[in-house]
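Each chain, letter by letter, is given below.
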Amino acid sequence: MTVPPSPNPVLTQSELRGALQATSDKGFILRNVRLQQAVTVPDFKPDATDGFFRADVAIASGRIDAIAPAGSMASDTGLAAVEAGSRVLIPNFVDCHTHIDKGHVLQRAAPSDGTFAGAAASMRADRAAHWTAEDVARRMDFALRCAFHHGTRALRTHIDSH
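Treat the numbers as computed from the prediction; the structure is a model and nothing was measured.

Draft legend 1. Region of the structure containing the side chain of Asn32. Examined against the element boundaries, Asn32 turns out to sit in strand β1 (residues 28-36). Given the relative accessible area of 11%, Asn32 is considered buried. At a separation of 2.3 Å, a polar atom in the side chain of Asn32 contacts the side chain of Arg54. Other than its neighbours up to four places away in sequence, Asn32 contacts Arg54, Ala55, Asp56, Ala70, Glu83, Ala84, Gly85, Ser86 and Arg87.

This is the structure we're talking about:
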């Protein structure tokens, strides 16, 4: 059984967030989202030359449970359906290489000459002048909060402080 698009599409980002939060414990279906073919299933054909295709996505326990062409997911799943209005749905970002102990020093670090050696010298000078356990902890906390706020959900860091 196929289900037509919702007659009451979600119109604003805050309405969409509210609808998702209200249904997140039970799972839900996001109807009529646009997915990028490069990060999803390869057998869906893009709607246009931009590589996106429209789909319905079932979410259960915080994970993608099923993907189907837009309008084709059955309504008898017991899950609430949220009309996404052709919004783009992308996976959470994973930063697989970062140095959160070295960030957020640009305002106080000496300008470098644009080379790797210059940047390394600037970082060494900033480390000698400013890096305490409290300073590094504060900057790392800020880096993690910024990453999470902007959509990063997993992060692998290297700590070079000593």
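Next comes the rest of the account.
Draft legend 2. Expanded view of helix α2 (residues 116-130). Helix length check: α2, at 15 residues, gives a terminal C-alpha distance of 21 Å against a target of 21 Å (1.5 Å per residue), a fit within 8%. Every buried residue belonging to α2 is among Gly118, Ser122, Met123 and Asp126, and all of these are buried. Buried residues of α2, seen end-on, are gathered within an arc of 135° and therefore sit on one face of the element. α2 presents Phe116, Ala117, Arg124 and Ala128 as exposed residues on the side facing more than 90 degrees away from its buried surface.

Draft legend 3. Highlighting the environment of Ser61. With respect to the helices, strands and loops of the structure, Ser61 is situated in the loop between β2 (52-60) and β3 (63-69). For the pair Ser61 and Phe28, spaced 33 residues apart in sequence, the C-alpha separation works out to 9.5 Å.

Draft legend 4. Representation of the sheet that holds strand β4 (residues 80-83) within the structure. Pairing within the open sheet is mixed, and its four strands lie in the order β3-β2-β1-β4. Two strands close off the open sheet at either side, each with one partner strand: β3 and β4. In this sheet, adjacent strand axes meet at a mean angle of 35° when their direction is disregarded. Bridge analysis of β2 against β3 gives six bridges, and the strand direction is antiparallel.

Reading the values: the criteria
Residues numbered from 1 in each chain as written. Predicted model: local features only at pLDDT ≥ 70, side-chain atom pairs only at ≥ 80, totals over all residues. Heavy atoms only, no water. Helix = DSSP H or I, 4+ residues; strand = E, 2+ residues; numbered from the N terminus. Buried < 20%, exposed > 50% of the residue type's maximum accessible area, 1.4 Å probe, protein only. Polar contact = N/O pair within 3.5 Å; in protein donor to acceptor, adjacent residues only side chain to side chain. Contact = heavy atoms within 4.5 Å. Expected span 1.5 Å × (residues − 1). Arc of directions from axis to C-beta. Pairing = 2+ DSSP bridges. Axes fitted to C-alpha atoms, helices over the stretch in contact; angles between N-to-C directions.

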